[in-house]
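These are the residues of each chain, in order.
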Amino acid sequence: MNLLATPPPPHHLSNPRLSPSHSMSSYTPTASASRKRKAEDDEPQAEDRMSSSPSNSPAPATRSLPAYRHAKRPRSGPVGRPLALPRLLETLDADSLRGVLQSICTRHPGIGSEVEHTAPRPSVPSALNVLKDYESALQASFPFGGDSSSDYAYNRVRESLMALLDALADFTPHFLPPNETQAFQSLTFLDGATDIIHRLPDWSSFQNSLHKQNAYEEISGAWALAIREAAKRAGGMQLQYGGWDQKLAKHNQQANGKLQDAVNELSANIGWMGGQPQAQQHGNRGEDLNSVRQELLAGTYGINLPVRVGSW
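Residues numbered from 1 in each chain as written. Predicted model: local features only at pLDDT ≥ 70, side-chain atom pairs only at ≥ 80, totals over all residues. Heavy atoms only, no water.

In the annotation of an unreviewed UniProt entry, the protein is listed under the name Tethering factor for nuclear proteasome STS1 and assigned to Letharia columbiana. The UniProt entry for the protein carries this comment under Function (unreviewed entry): "Involved in ubiquitin-mediated protein degradation. Regulatory factor in the ubiquitin/proteasome pathway that controls the turnover of proteasome substrates. Targets proteasomes to the nucleus and facilitates the degradation of nuclear proteins." What UniProt records for the protein under Sequence similarities (unreviewed entry) is the sentence "Belongs to the cut8/STS1 family." (UniProt positions renumbered as here; feature names shortened; annotations may be inferred.)

J.: Just to check I follow, could you spell out the packing of aromatic side chains for this structure?
T.: Here a ring pair, both rings aromatic, is described through the centre-centre distance and the interplanar angle of the planes. Taken as a whole, this structure holds 5 aromatic pairs when the rule is applied. On the basis of an interplanar angle of 20 degrees and a centroid distance of 4.5 Å, the ring pair of phenylalanine 175 and phenylalanine 189 is categorised as stacked. With phenylalanine 175 in the loop between helix 7 (151-174) and helix 8 (183-198) and phenylalanine 189 in helix 8, this pair connects stretches of sequence that are 14 residues apart. Each member of the pair, phenylalanine 175 as well as phenylalanine 189, carries the same accessibility label: buried. (Phe/Tyr/Trp six-rings, centres within 6.5 Å; stacked < 30°, edge-to-face > 60°. Helix = DSSP H or I, 4+ residues; strand = E, 2+ residues; numbered from the N terminus. Buried < 20%, exposed > 50% of the residue type's maximum accessible area, 1.4 Å probe, protein only.)

J.: Quick question: what am I supposed to make of unusual backbone geometry here?
T.: Leave glycine aside and you will find that most residues have negative phi; peptide bonds, for their part, are mostly trans. Cis geometry is found at the peptide bond from proline 177 to proline 178, where omega equals 5 degrees. Position of proline 178 among the secondary structure elements: in the loop between helix 7 and helix 8. Here asparagine 256, not a glycine, exhibits a phi torsion of approximately 55 degrees, which is positive. Mapped onto the elements of the fold, asparagine 256 is located in the loop between helix 11 (244-254) and helix 12 (260-272). Residue asparagine 256 is classed as exposed on the basis of its relative accessible area of 65%.

J.: Just to check I follow, could you spell out the nonpolar core for this structure?
T.: Looking at soluble globular proteins, one finds that nonpolar side chains tend to be buried together. Ranked by internal contacts, the top residues of the largest apolar core, which has 45 residues, are Leu131, Leu161, Phe189, Leu190, Leu200, Trp223 and Leu248. Of all elements in the fold, only helix 6 (124-140), helix 7, helix 8, helix 9 (206-232), helix 11 and helix 12 reach the threshold of two or more residues within this core. The leading source of residues in this core is helix 7, at 10 residues. (Core = buried A, V, L, I, M, F, W, Y, C linked by side-chain atoms within 4.5 Å.)

If you want it as structure tokens, here you go:
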């Protein structure tokens, strides 16, 4: 037995798979690769969390925007829309505008009251023009041909006739005292309104003729009221020098004496003021002119004139 022979290595050292160096060298790369793969797998998740976090997101100024964000948006085409109120009112005629305003005032009484207080007062010409429009509508509603005073014609124009009479009944008190303080305005309106009544149709039926007769009675009372108030203002100057006595006398003649009460009122007030109706004055002046003319033709003018003696 050779005692100097080299002893065999230990079992665990003789096995290369179990050697410490071999085991360490073989284990370390495997564990490192595993940890590296795990870190790589976890890294996208961490980035995702950072990108989804508002506090850790990049600032908008440093973020690169897509190219389509910088392109101009195309302009939209014309779109239909209703007219503004000022433009809408410009398209309305007088009748349409009155209809809209009347509808609004009916639904909202407060607005109607505001319109009444802010609208200008109607003038005499404007009121008479409205009445003449109603009169024109009345004349246009008559049937062609036939008897214009028959019941058939009356039935055809009755609606237009009532509209005219209603308008006349509404406008007349507006121009009477105390609502109207100017005597000239009152008398001027009554003069024009009486002319319209003269032109109202005459009917063969007594019942249908009552409309015109009642209109004469109402306008006669309006004349009397206006005359009484005019006599109280400015010494009745409007009655003495306005020629209203002639106008009223002519109206009474056309009305077949239905305005006699107004004529009597005028005569009483002028007589009380010490004046004389201008119709009578013009009549006396005409008689004097005729007398002078006759004397000139006969050659006797100036014979009976008094002769003055002494200095002039």
